[in-house]
Each structure stands twice: as C-alpha cells, then as structure tokens.
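Architecture at a glance
In case you want the letters, here they are:
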Amino acid sequence: MSNSVLKRRMSPRTKKRLAFYIGMVSLPLIQYIFFVFVVNFNSIAMAFQEYELGDNGYVTKLTFDNFAWAVDLFFNSGYMIRTSFIAAGCNIFIVLGLAMFFSYYCAKKYWMSGLFRVVLYAPTLFSAVVFSILYKFLANDVYMEYTGATLGLFDQDINTQLVVLLFFNVWIAFGSNVMIFVSTMSSIDVSMVESAQLDGVTPFQEFIYIYVPTTYSTLLTFIIGQLAVVFTNQLCMFTFYQGIGNEGGVMLRPETFGYYFFRKMLLADYCGVEVTYSKLAALGVLFSVVLTSTILPLRKLLIKYGPKTE
C-alpha cells in the first residue's frame, strides 16, 4: 500500500494520536541513545587513547597501556576486591534477607506492621548527605560522650570503620527494599495461602514455599543488580571521608573500588597526573568484561535452579 493511500485513510484523530505517541516516545529514546550508546562509546574509546598536550590542545594516540595499568591494579588490589564483595554480600544476604522477612511480616498485617513500614522507610525520605552527617555525629561525638572513648567509631581501625559503614548502608537500603517486596507479596492470591493453611502449613513453611517462590523474580533482580555494581559501590564513603584515602601505603580508611573511583576522579586529568581519565575508563571496561562474563551465566543458573511457583 502506497504512502498516498495511507495518508488518505489516516483520520485527524489518528494523526493526533500518532503525534502524541511520537512526542512521548522520543524523549526516553533520545535519553537512552545518549546515555547508553554515546556516553559508553566515548568511555570505551577513551580507554584506548593516551592524551598529550600539544600547541593546539590535546593530542590523542592509540595505546593499550591503559589496560596494562588496569589489569595490574586489579590483580594487586586484593583488599579492595575483598571489601567490594563484602559490601555486595552484606546487601544480598543481610539487606535482602531482612527485607524479605519484614516484608512477609508486613504483608501478613501482623501487629504494628504499619508502624514498621513507616519507621523502616523513614531514612529514604531524607537526603543521604543529611542522614550521613547525622550518623557520623552519632558514631563519633555521641559515642565518645557516652562511652568516654577518646576516638569516635569513624576514627578507629579500618575494620571498625567498615562495620560502621556497613550498618549505615543496611539501614538506608532496608526501607526501600521492604516497600517493594511488600507490594509484591501483597499481590499473592489469598485463596492459595488459605488452601495451604487448611492443609496445616506453618508460617515458616508458608514463607518458604509460597512467598519466596512468588517473589523470586523480584529477588533475582535485586541480586543481579547488586552484583552488577559490586565494583562501583562506594558504601557512601565519599560522603563520610571526602577525598581522604590510603596514600603512601598507610591504611587509614576502608576502601572499595567504587570509593577508589570517586577519589581518583577528583585528581584525574587527561594527562600529566598519576591516574588519568583514560586509565579509569580502561578500568571500567575491565570491570564490565569481568562482571558480564560472570553475571550472565550466574543469572541463568539462578533462573534454572531457583524456586518455582509450580
């Protein structure tokens, strides 16, 4: 059918709907193209470039030295890798585990479940910066005032600091996860739960065999999401410590790769510095390759052997 026939058959109402559809779809498409393709393409291209300052500005040349630096840093940063996976494990096993349990409690509308939902969600209502300032005041000044200690929790050894940071991240991430899981669990068919109760199922069995399999797709999304950001999660360290890191071989602060990125970006430049934008771009590409090659097979295994609703 020719375009002229289509134009004759398209009513004014259809034209308006088509214009509205194009207007609504164009913005997210433009955003997706820019932030996914353009930005990522520039980052990948920068990983293969080395900048030199010439008479007419920066001059680039092709190089693979950035990846040599990234691989060397990755395989010689056991502490940062370990800390990054500790943070991811804390979010997966503690945050998601507690969120599932309290979501079940709230979905069953047990005693004070409504109050728990408000209290748990309260930290997400405030800015993370404001909440971190308050938390640091409690962990340092209030702690020293009531215990008589000479150092606050954020000024003690790195293991203590890491525990304090993990607790903070559990608290601020807990409420939003509970709200999402409660919404999913509340949509479960009541007749299925009542049928199981008539067969004598216990609350624990009800949680394991009905609620967990039903919400498994949501749980799997959160698990994959946490693994995907394992090397970019900075545990709010930049908010607490700013640019203070472990320089000169002295371990002052706990450090993840995410915090390393934030710190080095403050000092990075195209050339003339220890860590350049190109080196950080190469490190990001290396992380993408490592995580993609491990997460995709892991996702298939979790889908295949995870709990089923049948």
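Residues numbered from 1 in each chain as written. Predicted model: local features only at pLDDT ≥ 70, side-chain atom pairs only at ≥ 80, totals over all residues. Heavy atoms only, no water.

In terms of nonpolar packing, the biggest core is built from 52 residues, with M185, Y211 and L283 touching the most fellow members. Taken domain by domain, the makeup of this core includes at least three residues from each of domain 1 (2-66) and domain 2 (76-305). A87, F131, Y135 and V164 belong to the second-largest nonpolar core, a separate cluster that totals 20 residues. (Core = buried A, V, L, I, M, F, W, Y, C linked by side-chain atoms within 4.5 Å. Buried < 20%, exposed > 50% of the residue type's maximum accessible area, 1.4 Å probe, protein only. Domains from an automatic or database assignment.)

So, about the pattern of salt bridges. Throughout the structure, instances matching the rule amount to three salt bridges. Here E52 and K61 are joined by a salt bridge, their closest N and O atoms 3.4 Å apart. You can call E52 partly exposed: its relative accessible area is 39%. Here E206 makes a salt bridge to K108, at a shortest N to O gap of 2.8 Å. In this pair, E206 sits in helix α9 (residues 203-214) while K108 sits in the loop between α4 (78-107) and α5 (113-121), placing the two residues 98 residues apart along the sequence. Since its relative accessible area comes to 3%, E206 is described here as buried. (Salt bridge = Lys/Arg side-chain N within 4 Å of Asp/Glu carboxyl O. Helix = DSSP H or I, 4+ residues; strand = E, 2+ residues; numbered from the N terminus.)

Looking now at the packing of α4 against helix α10 (residues 216-228). Running from N to C, α4 and α10 cross one another at 160 degrees; their axes reach a closest spacing of 9 Å. It follows that α4 is roughly antiparallel to α10 by the angle criterion. In terms of crossing hand, the pair formed by α4 and α10 is right-handed. Of α10, the residues touching α4 (which contributes A88, N91, I92, L96 and M100) are L219, F222, I223, Q226 and L227. The residue makeup of the contact of α4 with α10, split by class, is eight nonpolar, two polar and no charged. (Axes fitted to C-alpha atoms, helices over the stretch in contact; angles between N-to-C directions. Parallel < 35°, antiparallel > 145°, perpendicular 65-115°, else oblique. Left-handed = near helix turned anticlockwise from the far one by under 90°. Contact = heavy atoms within 4.5 Å. Nonpolar A, V, L, I, M, F, W, Y, C, P; charged D, E, K, R; others polar.)

Tracing the chain through its elements places T63 in the loop between β2 (57-62) and α3 (65-75). For T63, a relative accessible area of 8% corresponds to the buried category. A distance of 3.1 Å separates a polar side-chain atom of T63 from the backbone nitrogen of D65. In this view, T63 contacts A47, F48, Q49 and E50; residues no more than four positions away in its chain are not counted. (Polar contact = N/O pair within 3.5 Å; in protein donor to acceptor, adjacent residues only side chain to side chain.)

Take the domain arrangement of the protein chain next. When the domains of the protein chain are assigned, the result is domain 1 (2-66) and domain 2 (76-305). Computed over C-alpha atoms, the centres of domain 1 and domain 2 are 33 Å apart. Taken together, the contacts link ten residues of domain 1 with nine residues of domain 2. Together, the buried faces of domain 1 and domain 2 total about 780 Å²; carbon and sulfur atoms form 74% of this surface. Taken as a group, M46, Y51 and N66 account for 55% of the area that domain 1 buries against domain 2, more than any other trio of residues on that side. One can count zero salt bridges joining domain 1 with domain 2. (Buried area = accessible area lost by both parts, 1.4 Å probe.)

Here we take up the packing of aromatic side chains. Applying the stated rule across the entire model yields 32 aromatic pairs. Ring geometry for F231 and F287: centres 4.5 Å apart, planes at 20 degrees, overall stacked. Of the two residues, F231 sits in the loop between α10 and α11 (237-241) while F287 sits in helix α13 (residues 277-305), which places them 56 residues apart along the sequence. Residue class for F231 comes out buried when judged on its relative accessible area of 3%. Judged by its relative accessible area of 5%, F287 is buried. (Phe/Tyr/Trp six-rings, centres within 6.5 Å; stacked < 30°, edge-to-face > 60°.)

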